[in-house]
Amino acid sequence: MHIVVCMKQVPRDNSVKINSDLSINADGIEKIINLFDEYAIEEGLAWNEKHSGKLTVLSMGSDEWVEQMRRALAMGATDSLLLKDASFAQLDTLAAAKVVAAAIKKLGDVDLVFCGRNSTDDESGAFAPALARALGWAQLTYVGKVLDVDPAGKKVTAERHLETVVETVTASLPAVVSVIKDINNPRYPSLLKIKKVAKIQPPVWTAADLGVSGLSAAATISSRVPPPPRPSGEIIDGPDAAAKVRKLVDKLLENQII
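Residues numbered from 1 in each chain as written. Predicted model: local features only at pLDDT ≥ 70, side-chain atom pairs only at ≥ 80, totals over all residues. Heavy atoms only, no water.

**Notes on the overall build of the protein**
Here is the rule we go by: Elements are defined by DSSP. Helices are runs of H or I of four residues or more, strands are runs of E of two residues or more, and each kind is numbered from the N terminus. A 1.4 Å probe rolled over the protein chains alone gives each residue an accessible area, and that area as a share of the maximum for its type sets the label: buried under 20%, exposed over 50%, partly exposed in between. Only four residue types enter the charge count: Lys and Arg as positive, Asp and Glu as negative, with His and the chain ends excluded. Charged groups are reduced to one reference atom each: NZ for lysine, CZ for arginine, CG for aspartic acid, CD for glutamic acid.
The helix and strand inventory of the protein stands at 7 helices and 13 strands. Once the C-alpha set of the protein is aligned to its principal axes, its extents read approximately 70 × 45 × 40 Å. Evaluated residue by residue, the protein yields a buried proportion of 40% over its 258 residues. Taking the average location of the 30 positive side-chain charges in the protein and that of its 32 negative ones, the two points are 3 Å from each other.

This is how it looks when you write it as structure tokens:
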């Protein structure tokens, strides 16, 4: 069985600057594995260990992403693959999904792809569905528990944790599964394993290697500004707690909140 986990590197701090071209400037901010992708990695590792297969962590980015890919290897991933090309730099989610789909097709023997629900920088949540569409595979989104992966029967069963219900669904393999953060507790790699993978260089595939060309963003960002600051709160004063409560209730009634 071959599992692929799609991993993105993001800035740890959300307080980033915006460049003149509307891209995110995260200079000087520590880069980490996207939070939801850590859960995807852990879920992939658990099922890979159960079925004694291969787990490839796949990422599209620059050389600076290699360090976080090594962390995924230290967690237990068996293989890694970096997609790097100048033409990939300004792609939107849809185009990025097409590039990753081309890589997965080139790998050729993939049974299951795990993704995080969304990335904590762009927050689109559209990558996993777009990837499934590009591959022509089944997709399971908002997965809070994978109940079974059956490589022989070519099916996966999971719980989708929606706002008001939990759905138990079964899909045929190969499939794309996007997970939420409550699905597991990601493991911490040991210092020994971190040292062991410290010099590993992931294989790099370019646009030419994948046979993709002419890709462009279908949607472009026309503006990117932070939301207006929230109005400052008001401190309720008074000689004692009872007086403060009365004053608070008066304020709530005055503003038609109660």
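**Here's the deal with the environment of Tyr-39**
How we decide: In this description, contact between two residues means that some pair of their heavy atoms is separated by no more than 4.5 Å.
Tracing the sequence through the fold places Tyr-39 in helix 1 (residues 35-51). The buried category is assigned to Tyr-39, whose relative accessible area is 13%. As a C-alpha pair, Tyr-39 and Met-69 span 30 residues in sequence and 14 Å in three-dimensional space. If sequence neighbours within four positions are ignored, Tyr-39 has contacts with Val-179, Ile-180, Lys-181, Ile-183, Asn-184 and Pro-186.

**Topic: the packing of aromatic side chains**
Here is the rule we go by: Pairing of aromatic rings covers Phe, Tyr and Trp, the last through its six-membered ring, and needs centres within 6.5 Å; plane angles under 30 degrees mean stacked, over 60 mean edge-to-face, and all others mean tilted. Only when the NZ of Lys or the CZ of Arg is both within 6 Å of the ring centre and within 35 degrees of the ring normal is a charge said to sit over the ring.
Following the criterion strictly, the structure yields 0 aromatic pairs and no others. Between Lys-106 and the ring centre of Trp-205, over which it is positioned, the NZ or CZ distance is 5.2 Å.

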